[in-house]
Amino acid sequence: MIIRIIDLETTGLPPDAAVCEVGYCDLTVGDGPTQIGDVHTTLTNPGKPIPIEAMAVHHIRDRDVAGAPIASSVFGKLGIGVDVFAAHHAAFERAFFTGGDTPWICTYRCGLRVWPDSPSHSNQALRYFLGLELDDRAMPPHRAGPDAYVTAHILCGLLGAQPVEQLVKWTSEPALLIKCGFGKHRGKKWSEVPLDYLDWLVNKSDMDEDTKFTARHYLKKGMK
């Protein structure tokens, strides 16, 4: 099985942003040890100026992408021979590249489930929480190739804990959050939030889908 880990650098946030770099790294998953392949990176022309705020994150400038191909020409080759796509915060990558009918793994959503004790579940935080000793291919952060390489190692850890099918299932669901980030129970683990408050969130609030999903999960657990 080939799992292709994808990372994109962009001019900002969807729906108005465009892609200025595509990076990917493959995992070969089989009967033996999981193999991490080479890192591939391609600059792409976003067709619009890159804002200063975006440059400050990834340091890609307009002159760097002036002669680069457009992202769609790169995307057309990404699905060849791939069984599963993966990304950290996969919803972001999927806003630009859907991958057709190929299933996805979100290492952020799965990381919340497998490593609830991590103080953060960003790509780089999980790298250090897991004690990953990585070479120069992991640098610099916030570039498509290095970030895909880091995510590939995080995914290896996830695959050591759960099968591909479970990771795909978790990815298809909203994120199961760990701590409440608002209101009078801010900072508490969701498992510690009172049932009446969880019930209010589920049935009467207009919170986002991750919050409602999490509240519903712990409400059901508390009522058993």
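Here the structure is a predicted model, which is why all the values come from computation and not from measurement.

Draft legend 1. View of the overall build of the protein. Within the protein, the regular secondary structure consists of ten helices and five strands. Over its C-alpha atoms the protein spans a radius of gyration of 19 Å, differing by no more than 12% from the 17 Å that the globule rule assigns to 224 residues. Expressed along its principal axes, the backbone C-alpha trace of the protein runs to roughly 60 × 45 × 35 Å. Buried residues in the protein amount to 48% of all 224 residues. Intrachain contacts of the protein at a sequence separation of at least 6 include 54% that bridge at least 24 residues. Surface exposure of the protein reaches about 11,500 Å², of which carbon and sulfur atoms provide 53%. Charge separation in the protein, taken as the distance between the mean sites of 23 positive and 27 negative side-chain charges, equals 7 Å.

Draft legend 2. Looking closely at the layout of surface pockets. Its volume calculated, the largest pocket comes out at about 490 Å³. In terms of lining, the largest pocket is formed by 19 residues, of which the most central are Leu8, Glu9, Val57, His142 and Asp147. Broken down by secondary-structure element, the contributors of at least two residues to the lining of the largest pocket are strand E1 (2–10), helix H1 (52–58), helix H4 (90–94) and helix H6 (123–129). Among the elements that take part in the lining of the largest pocket, E1 stands out by supplying four residues, more than any other. For the lining of the largest pocket, the residue count by class is five nonpolar, ten polar and four charged. When its volume is computed, the second largest pocket comes out at roughly 350 Å³. What lines the second largest pocket is a set of 18 residues, and nearest its centre among them are Pro116, His121, Leu177, Ile178 and Lys179. Considering each element in turn, the lining of the second largest pocket owes the most residues, three residues, to helix H5 (residues 107–114).

Draft legend 3. Looking closely at the nonpolar core. With 36 residues, the main nonpolar core has Ile6, Phe75 and Trp190 as its most contacted residues. Looking at this core, the elements that each hand over two or more residues are E1, strand E2 (19–28), helix H3 (71–78), strand E4 (84–87), strand E5 (104–106), H5, helix H9 (195–203) and helix H10 (209–223). Setting aside residues no more than four positions away along its own chain, Phe75 makes contact with Leu8, Val19, Val22, Phe96 and Phe97. Within the second largest apolar cluster, 25 residues are counted, among which are Leu27, Ile105, Ile154 and Leu158.

About the cut-offs
Residues numbered from 1 in each chain as written. Predicted model: local features only at pLDDT ≥ 70, side-chain atom pairs only at ≥ 80, totals over all residues. Heavy atoms only, no water. Helix = DSSP H or I, 4+ residues; strand = E, 2+ residues; numbered from the N terminus. Rg over C-alpha atoms; globule rule 2.2 N^0.38 Å. Buried < 20%, exposed > 50% of the residue type's maximum accessible area, 1.4 Å probe, protein only. Contact = heavy atoms within 4.5 Å. Areas by Shrake-Rupley, 256 points an atom, 1.4 Å probe, with all protein chains shown as cover. Lys, Arg positive; Asp, Glu negative; His and termini not counted. Charge placed at Lys NZ, Arg CZ, Asp CG, Glu CD. 1 Å grid on protein atoms, 1.4 Å probe; cavity = no way out; pocket = protein on both sides within 12 Å on 5 of 7 lines; lining within 4 Å. Points joined across faces, edges and corners; volume = space filled by probe spheres on them. Nonpolar A, V, L, I, M, F, W, Y, C, P; charged D, E, K, R; others polar. Core = buried A, V, L, I, M, F, W, Y, C linked by side-chain atoms within 4.5 Å.

Geometry only, nothing functional implied.
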